[in-house]
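Now for the letters of each chain:
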Amino acid sequence: MTKKIKILLASPRGFCAGVDRAIEIVKKALTKFGAPVYVRHEIVHNTQVVENLRKLGAIFVEELDEIEDYSRPVIFSAHGVPKSVPKEASSKKMFYIDATCPLVTKVHREAEFLYKNGYEVILIGHKDHPEVLGTMGQLPQESIKLIETVKDAKNINLSEMKKPVAYVTQTTLSVDDTKEIIEVLKSKFPNIKSPIKEDICYATTNRQEAVKKIAPLCDMFFVVGSKNSSNSQRLVEVAKKSGCIRSELITFNEKLPIDLIVQCEKIGITSGASAPEQLVQDLILEVKKHCSVFIEEIVLTKENVTFKLPSSLN
C-alpha cells in the first residue's frame, strides 16, 4: 500500500521583489549590451540562479580588479556594496548598474543620515555577510558598531558611546532574535533612535510568519535555498524554534532524505527569498515518486510589491 503524506506548502515563499528585480537587471543588461556582462558577487544567494545567468553570459567576480575588460558593464549585487566600490568603478571608467535591493538602499541612507546628524550608529547583523559589509561601507571606518547577538548587545561599553545612539538592521534577520537584541539595547539606551519603518524587509517577515504557522503541524520541514542565503538559514531556525525540530535546508540538486520523509504524516515546505519556484516543484515531484501526496497551500498573505528597474536599462 502506498504511503500517504500531506504537504503543507507555505505561501508566500520564494522570490521577493528585490531578487526579481536583480535577476531582471542582469537579463536586461545581457539583452541590451550583449555578453559578457560582469556581476560583482553572486547577484542573489542561489546556486541555480547564478548558474542559469552564467549560461546566458554573465561573469561573476568577487572584486572589480578581477574584471578583464573594463569596456563591459558591471552589475552590483542585490545585497549592496560599500561606497568604495562605485568609486573604484568610476576611477576605472567602468559603466556600472546598481542592482541593490531598494530596501537595502533604504538602510544605507538611514545609516548615513544618522551618522551625519551626530548619532552613534549600531548595526544589527551578521559579520561578513555582503549586505552588512555594504551597509558598514556607507560610513567612515570605525563609525558604525556591528552587533550580532543579545550577548553583544549586553556587552556594549556605555562609556564608549559619547553621542546619542541609534540602530539599523540587516534586512534578512530573524524577526524574533532581532526583537530580543533591540529590547536589550532599549534597556541600556532608553532614548535609542529606532528606524522610522522597520528595516527587516516585508518578504523576510512574511516568510517567517508563514513558517511559524505551519512548522508546529509538521513531522519534518524543508526550506529550499542555498547555504549562503541568510534569509533561508533564518527560516530553518524559525521552523525549529516553532516546534519542528526535524527542519533542514535543501539546496540545489541535494538528495532528499526519502527514508525519513516516508515515515512522516505531514511535511512542510517553503523556500528562501532567492530560491526559484521550480526547485520547490522539483522537491514535490521527488516526494511523489515514493508517496501518495496531498498538497495544501497555506496562504498567510498576498504580496504585490514591485520595484522599478534602473533607467539605464530602458
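Above this note sits the structure.
Residues numbered from 1 in each chain as written. Predicted model: local features only at pLDDT ≥ 70, side-chain atom pairs only at ≥ 80, totals over all residues. Heavy atoms only, no water.

J.: Quick rundown of the overall build of the protein? Include the residues and the values.
T.: When you go through the protein residue by residue, the secondary structure sums to eleven helices and twelve strands. The C-alpha atoms of the protein give a radius of gyration of 21 Å, which matches the 20 Å a tight globule of 314 residues would have. Of all 314 residues assigned to the protein, the portion counted as buried reaches 52%. Accessible surface, the protein as shown: approximately 15100 Å² in total, 52% of it carbon and sulfur. (Helix = DSSP H or I, 4+ residues; strand = E, 2+ residues; numbered from the N terminus. Rg over C-alpha atoms; globule rule 2.2 N^0.38 Å. Buried < 20%, exposed > 50% of the residue type's maximum accessible area, 1.4 Å probe, protein only. Areas by Shrake-Rupley, 256 points an atom, 1.4 Å probe, with all protein chains shown as cover.)

J.: Describe the packing of aromatic side chains, listing the residues and the values that go with them.
T.: For the coordinates displayed, the defined rule picks out two aromatic pairs. With 5.0 Å between their ring centres and 25° between their planes, F76 and Y96 make a pair best called stacked. One end of the pair, F76, is in strand 4 (residues 74-76); the other, Y96, is in strand 5 (residues 96-98), and 20 residues separate them in sequence. (Phe/Tyr/Trp six-rings, centres within 6.5 Å; stacked < 30°, edge-to-face > 60°.)

J.: Which residues make up the nonpolar core, and what values do they have?
T.: Ranked by internal contacts, the top residues of the largest apolar core, which has 25 residues, are V26, V39, I43, V44, L53, F60 and I75. Those elements that provide at least two residues to this core are helix 1 (17-33), strand 2 (37-40), helix 2 (47-56) and strand 3 (58-61). In terms of residue count, the dominant contributor to this core is helix 1 (seven residues). Contacts of V44, omitting those with residues within four sequence positions, involve V19, A22, I23, V49, V50, A78, H79 and S274. Core analysis: the second largest hydrophobic core is formed by 20 residues, I7, M220, I258 and C264 among them. (Core = buried A, V, L, I, M, F, W, Y, C linked by side-chain atoms within 4.5 Å. Contact = heavy atoms within 4.5 Å.)

J.: Describe the packing of helix 1 against helix 2, with residues and values.
T.: Packing of helix 1 against helix 2 leaves a shortest axis separation of 10 Å and a crossing angle of 5°. Considering the angle they form, helix 1 stands roughly parallel to helix 2. Counted together, I23, V26, K27 and L30 of helix 1 and V49, L53 and L56 of helix 2 form the full contact between these two elements. Its residues assigned to classes, the contact of helix 1 with helix 2 shows six nonpolar, no polar and one charged. (Axes fitted to C-alpha atoms, helices over the stretch in contact; angles between N-to-C directions. Parallel < 35°, antiparallel > 145°, perpendicular 65-115°, else oblique. Nonpolar A, V, L, I, M, F, W, Y, C, P; charged D, E, K, R; others polar.)

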